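As a plain string of letters, each chain reads:
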Amino acid sequence: MAAVEDRPRILYSDSGPEPPYPLRMEGVVISGFGRGSKELGIPTANLPVDAVATPWIATAKSGVYFGYASVALPSSHPDRQDDAAGANEPRHRSNPRAPADAPPSSHPPPPRTTITSVSTSSETFPSLSSPSSLTSQEAPNPTAATLQKKHWQIYPMVMSIGYNPFYKNSVRSAEVHILHKFGADFYDAPMRLLILGFVREERDYASLDALVADINVDCDVARQSLARPAWTPREGTADGSRGEFDGSWLVRDE
Ligand SMILES: Cc1cc2nc3c(=O)[nH]c(=O)nc-3n(C[C@H](O)[C@H](O)[C@H](O)COP(=O)(O)O)c2cc1C
Ligand SMILES: Nc1ncnc2c1ncn2[C@@H]1O[C@H](COP(=O)(O)OP(=O)(O)O)[C@@H](O)[C@H]1O
């Protein structure tokens with residue numbers, strides 16, 4: 001593996017994701033191993049690794065991937081963007097991923113969409129267990145289900161799928177670090193992932209600092225690779241970027 005400073009920051013061609021990507025994964029956010037990755041500045045939202053719901057994961061190479069996460073935050077969450085709250089106005093600058101000193105773009109920014117496949121139901125976030133695991137008594141009422149739309153917000157993300165050799169886990173985990181600073185946790189929130197590429201294999205490290213340094217480069221790689229138009233969803237991210245990539249699955253109703 002290249003030294004941190006030698007790792008390329010942009011992966012794949014500018015023309016967009018290549019097969020077998022995009023890969024999809026979804027579930028509700030569960031607790032991880034509680035190692036306090038927040039203290040490291042790298043909180044990770046875990047999804048259950050379930051080869052029934054996510055068949056490709058059984059044979060997926062362990063390692064670091066990048067793409068987009070869509071999270072249905074409850075209405076009480078401080079990062080929830082509601083139309084009524086002026087969510088279509090960028091908060092800071094037109095492209096939050098551009099360096100602060102970047103020259104102004106010659107193209108005006110597109111209006112930001114708050115992705116309002118709004119879900120009202122799920123303020124209590126009932127489990128998204130696979131339909132096959134539901135008994136007829138537990139099956140959701142279809143009338144209620146059609147009325148219940150989720151309020152998805154899209155964010156760039158970087159994630160690890162594997163055994164975390166630094167910690168020598170015995171079970172495989174899927175952990176997503178979203179490239180956004182949230183004002184509160186969102187355990188139990190429904191989350192969808194569109195994985196667009198592979199970054200690197202997972203490694204053991206001589207120190208925690210070395211692990212954190214490599215993860216910070218992974219974040220840079222994801223940020224820079226995803227900022228290209230063919231890698232940015234048409235549907236718009238919560239931070240106001242909009243591009244050409246079809247991210248409709250991330251926001252569509254069940
Ligand atoms: C982008 C990213 C890359 C990671 N790469 C590695 C790795 O190469 N080796 C490893 O042991 N763990 C890796 N991890 C997992 C961290 O060790 C993990 O987030 C940490 O164990 C915190 O776990 P927690 O969920 O219990 O807080 C990575 C995590 C992320 C988000
Ligand atoms: N940027 C972020 N990316 C992912 N999760 C975040 C982020 N900010 C806050 N969180 C919250 O932090 C939780 C993970 O915290 P963490 O310290 O990694 O604990 P654990 O992995 O043991 O659950 C996530 O489930 C989510 O609710």
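Just so you know, these numbers come straight off a predicted model, no measurement behind them.

Thresholds, definitions, all that
- Residues numbered from 1 in each chain as written.
- Chains lettered and ligands numbered in written order.
- Predicted model: local features only at pLDDT ≥ 70, side-chain atom pairs only at ≥ 80, totals over all residues.
- Helix = DSSP H or I, 4+ residues; strand = E, 2+ residues; numbered from the N terminus.
- Buried ≥ 20, exposed ≤ 12 C-beta atoms within 10 Å, placed from the backbone.
- Contact = placed C-beta atoms within 7 Å.
- Pairing = 2+ DSSP bridges.
- Near = placed C-beta within 6 Å.
- Nonpolar A, V, L, I, M, F, W, Y, C, P; charged D, E, K, R; others polar.
- Axes fitted to C-alpha atoms, helices over the stretch in contact; angles between N-to-C directions.
- Core = buried A, V, L, I, M, F, W, Y, C linked by C-beta atoms within 7 Å.
- pLDDT = per-residue confidence, 0-100.
- Expected span 1.5 Å × (residues − 1).

Details of the overall build of the protein chain
Logical step 1: Looking only at helices and strands, one finds two helices and six strands in the protein chain.
Logical step 2: For the protein chain, the residues scored as buried account for 30% of the 254 residues in total.
Logical step 3: Counting contacts in the protein chain only where the partners sit at least 6 residues apart, residues at least 24 apart contribute 77% of the total.

Focus: the pairing of strand β5 (residues 173-178)
Logical step 1: A large share of β5 lies buried, amounting to five of its six residues.
Logical step 2: Of the pairings in the sheet, the one linking strand β2 (residues 45-47) to β5 comprises three bridges and is antiparallel in character. Looking at the pairing, Ala 45 lines up with Val 176 of β5.
Logical step 3: Where strand β4 (residues 152-162) and β5 come together, six bridges link them in antiparallel fashion. Bridging from a neighbouring strand, Met 159 pairs with Val 176 of β5.

Here we look at the site of ligand 2
Logical step 1: Residues in contact with ligand 2 amount to 20 residues; listed here are only the nearest, Gly 32, Ser 37, Pro 43, Ile 178 and Asp 185.
Logical step 2: The set of elements that each furnish at least two residues to the shell around ligand 2 consists of β2 and β5.
Logical step 3: Classifying every residue of the shell around ligand 2 by side-chain character gives nine nonpolar, nine polar and two charged.

Here's the deal with the environment of Ala 184
Logical step 1: With respect to the secondary-structure elements, Ala 184 resides in the loop between β5 and β6 (190-200).
Logical step 2: We classify Ala 184 as exposed; it has 12 C-beta atoms within 10 Å.
Logical step 3: Sequence separation of Ala 184 and Ile 10 is 174 residues, and the distance between their C-alpha atoms is 30 Å.
Logical step 4: Among residues more than four places away in sequence, those in contact with Ala 184 are His 77 and Pro 78.

Observations regarding the site of ligand 1
Logical step 1: Every one of the 22 residues lining ligand 1 counts as a neighbour, but Gly 32, Phe 33, Ser 37, Ser 160 and Phe 166 are closest to it.
Logical step 2: Here the residues of the shell around ligand 1 are counted per class, giving 10 nonpolar, seven polar and five charged.

Things to note about the sheet that holds β5
Logical step 1: Strand order across the open sheet formed by six strands is β1-β6-β3-β4-β5-β2, with antiparallel pairing between neighbours. Only two strands of the sheet have a single partner each, and these edge strands are β1 (23-28) and β2. Averaged over neighbouring strand pairs, the angle between their axes works out to 35 degrees when direction is ignored.
Logical step 2: The sheet strands contacting helix α2 (residues 208-226) are β3 (63-72), β4, β5 and β6, and the helix crosses β4 at an angle near 135 degrees.

Observations concerning unusual backbone geometry
Logical step 1: Each neighbour pair has its own omega, and for Pro 19 with Pro 20 the value is 10 degrees, a cis peptide bond.
Logical step 2: Structurally, the position occupied by Pro 20 is in the segment before β1.
Logical step 3: In this model, Tyr 21 is joined to Pro 22 through a cis peptide bond whose omega is 0 degrees.
Logical step 4: Positive phi outside glycine occurs at Tyr 12, with the angle close to 65 degrees.
Logical step 5: As for its placement among the helices and strands, Tyr 12 is situated in the segment before β1.
Logical step 6: Tyr 12 gets classed as partly exposed once you count the C-beta atoms within 10 Å, which come to 17.
Logical step 7: Non-glycine residue Lys 168 carries a positive phi angle of around 55 degrees.
Logical step 8: Positionally, Lys 168 belongs in the loop between β4 and β5.

Brief notes about the nonpolar core
Logical step 1: In this structure, Phe 66, Ala 69, Met 157, Val 176 and Met 191 are the most contacted members of the largest nonpolar core, which totals 39 residues.
Logical step 2: Those elements that place two or more of their residues in this core are β1, β2, β3, β4, β5, β6 and α2.
Logical step 3: No other element matches the seven residues that β3 contributes to this core.
Logical step 4: Met 191 has contacts with Glu 26, Gly 27, Val 28, Val 29, Ala 45, Leu 47, Ala 69, Ser 70 and Val 71, leaving out every residue within four places of it along the chain.

Looking at the confidence of the model for the protein chain
Logical step 1: Per-residue confidence for the protein chain averages 81 on the pLDDT scale, and 73% of its residues sit at or above 70.
Logical step 2: Within the model, pLDDT remains below 50 along residues 84-140, and this stretch shows 76 contacts once partners closer than five positions in the same chain are excluded.

Some details on α2
Logical step 1: Its 19 residues place the ends of α2 27 Å apart at the C-alpha level, agreeing with the 27 Å of an ideal helix rising 1.5 Å per residue.
Logical step 2: Here the buried face of α2 lies against β3, β4 and β6.

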